[in-house]
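# Geometric and topological summary
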Amino acid sequence: MNNWELYVRKVVPYVPGEQPQESNLIKLNTNENPYPPAPGVIRALEQFDTDRLRLYPEPDCKVLVNAIAEYYGLNSSRVFVGVGSDDVLAMIFMTFFNSEKPILFPDITYSFYDVWADMLRIPYEVKPLDENFLIKKEDYYGENGGVIFPNPNAPTGILMELLEIEEILEHNRDVIVVVDEAYIDFGGKSALPLIEKYDNLLVVQTFSKSRSLAGMRIGFAMGNEKLIKYINDVKYSFNSYTMNQTALALGVEAIKDKDYFEETRQKVIATREWAKGELKKLGFSFGDSMSNFIFAAHESVPAKELFEALKKEHIFVRHFSKERISNYLRISIGTRKEMETLIRFLKGYLK
Ligand code: PMP
């Protein structure tokens, strides 16, 4: 080995879901929204003044920060935006998880958390979910360097009640607690009101799922003004111009359209509930997902086999070859028609 290789920051990268480019497939593998972005987003893109691209975007992302702040009734000093919630979460890890004590997160959760921790040399401890895949709040009461979990959790889809989140906060007054609410709009109650009471709480959300803008890369964090300032300090020390001009302009349109947001999220919820009934009839079992996916295991056919069979039919779902969950498929909620095709195929295959 050459000497320089000793000093490489070696990492085991996160593996995102496949983005196959062929048309004519049913894509239920990365929890995208099956509906297009709000009409205002499409109009704004069509009318976008390309001359603006000569200029750097606003480094403080003010138009979008203000629009999000207004939507949630917050002061804009309490909102931070980034390039998808992945970027926001990475900044949060870098800013706040800087203790010798381990940060805590569940064993089965968003598989980026341990990647960031490893990359940034942050010590961490994973806390096993119980046998029903529920987070055990008591596991987070001990000394630690910070706490992070998604609500609803991913890839299980299971929601934790706000009262339980508050108990975790009560036991963690001296560290930062991050609630990753990527899927909260599909049936959960946001922990956002708790930022008034807990100045160490950060609530992170995204435009990728409930606002149909995964391709635009917009995420945001909300919390105490001081926390937001600290994240901004790190962001400006890394890359001042994170959000491009189009993301800022389209993000504003997406958050403005409350009716479209409500209509599409209700459609996803209704299709999810329908799909739950159908999957149950076919012998699948799963926790009660409150997200835009269902994490299901079949009573007799292994998940890997189903995954391959579906793929042959051009139906993409997600399978994780990981302990405890290797017999599960994570099926994103598509349109009703897409889900009907999925169910029809499974009915035939499992006969
Ligand atoms: N958190 C969770 C729990 C997720 O599942 C995802 C989606 N991969 C993200 C954050 C990141 O989403 P995005 O960067 O698109 O906002």
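These remarks concern the structure in this document. Keep in mind the model is a prediction, meaning the values are calculated, not measured. (Residues numbered from 1 in each chain as written. Predicted model: local features only at pLDDT ≥ 70, side-chain atom pairs only at ≥ 80, totals over all residues. Heavy atoms only, no water.)

## Observations concerning the packing of helix α8 (residues 258-281) against helix α10 (residues 336-349)
Running from N to C, α8 and α10 point in directions that differ by 5°, and their axes come no closer than 10 Å. What the angle tells us is that α8 and α10 run roughly parallel. Note on element contacts: α10 touches α8 through Arg 336, Met 339, Glu 340, Ile 343, Leu 346 and Lys 347, opposite Thr 271, Trp 274, Ala 275, Glu 278 and Leu 279. Taken together, the residues of the contact of α8 with α10 break down into 6 nonpolar, 1 polar and 4 charged. (Axes fitted to C-alpha atoms, helices over the stretch in contact; angles between N-to-C directions. Helix = DSSP H or I, 4+ residues; strand = E, 2+ residues; numbered from the N terminus. Parallel < 35°, antiparallel > 145°, perpendicular 65-115°, else oblique. Contact = heavy atoms within 4.5 Å. Nonpolar A, V, L, I, M, F, W, Y, C, P; charged D, E, K, R; others polar.)

## Regarding the sheet that holds strand β9 (residues 284-286)
Taken in spatial order, the 4 strands of this open sheet run β9-β10-β13-β12, and their pairing is antiparallel. The sheet is open, and its two borders are formed by β9 and β12 (318-319), each paired with just one other strand. Inspection of the sheet shows β12 paired to strand β13 (residues 329-332) by 2 bridges, in the antiparallel sense. If you follow His 319 over to β13, its bridge partner there is Leu 329. Here α8 sits on the sheet in contact with β9, β10 (293-298) and β13, set at roughly 130° to β9. (Pairing = 2+ DSSP bridges.)

## Digging into the side chain of Asn 29
Counting through the fold element by element, Asn 29 comes out in the loop between β1 (26-27) and α1 (39-46). From its side chain, Asn 29 meets the backbone oxygen of Glu 18 in a polar contact 2.8 Å long. Not counting chain neighbours up to four residues away, the residues in contact with Asn 29 comprise Gly 17, Glu 18, Phe 316, Val 317, Arg 318, Arg 330 and Ser 332. (Polar contact = N/O pair within 3.5 Å; in protein donor to acceptor, adjacent residues only side chain to side chain.)

## Describing the layout of surface pockets
For the largest pocket, the calculated volume is near 1200 Å³. Looking at the largest pocket, it is lined by 49 residues, and the ones nearest its centre are Tyr 14, Val 15, Tyr 110, Ser 111 and Arg 318. The set of elements that each furnish at least two residues to the lining of the largest pocket consists of α3 (84-96), β3 (103-106), α4 (113-119), β4 (124-127) and β12. Looking at which element gives the most residues to the lining of the largest pocket, the answer is α3, with 4 residues. Its residues assigned to classes, the lining of the largest pocket shows 24 nonpolar, 13 polar and 12 charged. Shared between two domains, the lining of the largest pocket takes at least three residues from each, and those domains are domain 1 (21-37 + 259-349) and domain 2 (39-256). When its volume is computed, the second largest pocket comes out at roughly 240 Å³. (1 Å grid on protein atoms, 1.4 Å probe; cavity = no way out; pocket = protein on both sides within 12 Å on 5 of 7 lines; lining within 4 Å. Points joined across faces, edges and corners; volume = space filled by probe spheres on them. Domains from an automatic or database assignment.)

## A word on the site of the ligand
The environment of the ligand is formed by 13 residues, the closest being Ser 85, Asp 180, Tyr 183, Thr 206 and Ser 208. Contacts to the ligand include Ser 85, whose side-chain N or O atom sits 2.6 Å from an oxygen atom. Side-chain polar atom of Thr 206 to an oxygen atom of the ligand: 2.6 Å apart, as the coordinates give it. For the ligand, whose unbound accessible area comes to 400 Å², protein coverage reaches 91%. The cavity where the ligand resides is the largest pocket. Among the elements that take part in the shell around the ligand, α3 stands out by supplying 4 residues, more than any other. Considering only residue class, the shell around the ligand consists of 5 nonpolar, 4 polar and 4 charged. (Near = heavy atom within 4 Å. Areas by Shrake-Rupley, 256 points an atom, 1.4 Å probe, with all protein chains shown as cover. Sits in = over half its atoms within 2 Å of the grid points.)

## As for the pairing of β3
The sheet contact formed by β3 and β4 spans 4 bridges and is parallel. When the sheet's bridge partners are listed, Leu 104 is paired in β4 with Glu 125. Each parallel crossover has a hand, and for β3 linked through α4 to β4 it is right-handed. The sheet contact formed by β3 and strand β5 (residues 146-150) spans 2 bridges and is parallel. Counted as the bridge partner of Leu 104 is Val 147 from β5. (Right-handed = clockwise from strand over helix to strand, strands pointing away.)

## So, the nonpolar core
Ranked by size, the top nonpolar core spans 86 residues in total, and within it Leu 64, Val 81, Phe 149, Phe 207, Leu 342 and Leu 346 carry the most contacts. Ranked by the residues each element gives to this core, the list is headed by helix α7 (residues 245-256), at 6 residues. Taken domain by domain, this core gets at least three of its residues from each of domain 1 (21-37 + 259-349) and domain 2 (39-256). Val 88, Met 91, Leu 202 and Val 204 belong to the second largest nonpolar core, which has 28 residues in total. (Core = buried A, V, L, I, M, F, W, Y, C linked by side-chain atoms within 4.5 Å. Buried < 20%, exposed > 50% of the residue type's maximum accessible area, 1.4 Å probe, protein only.)

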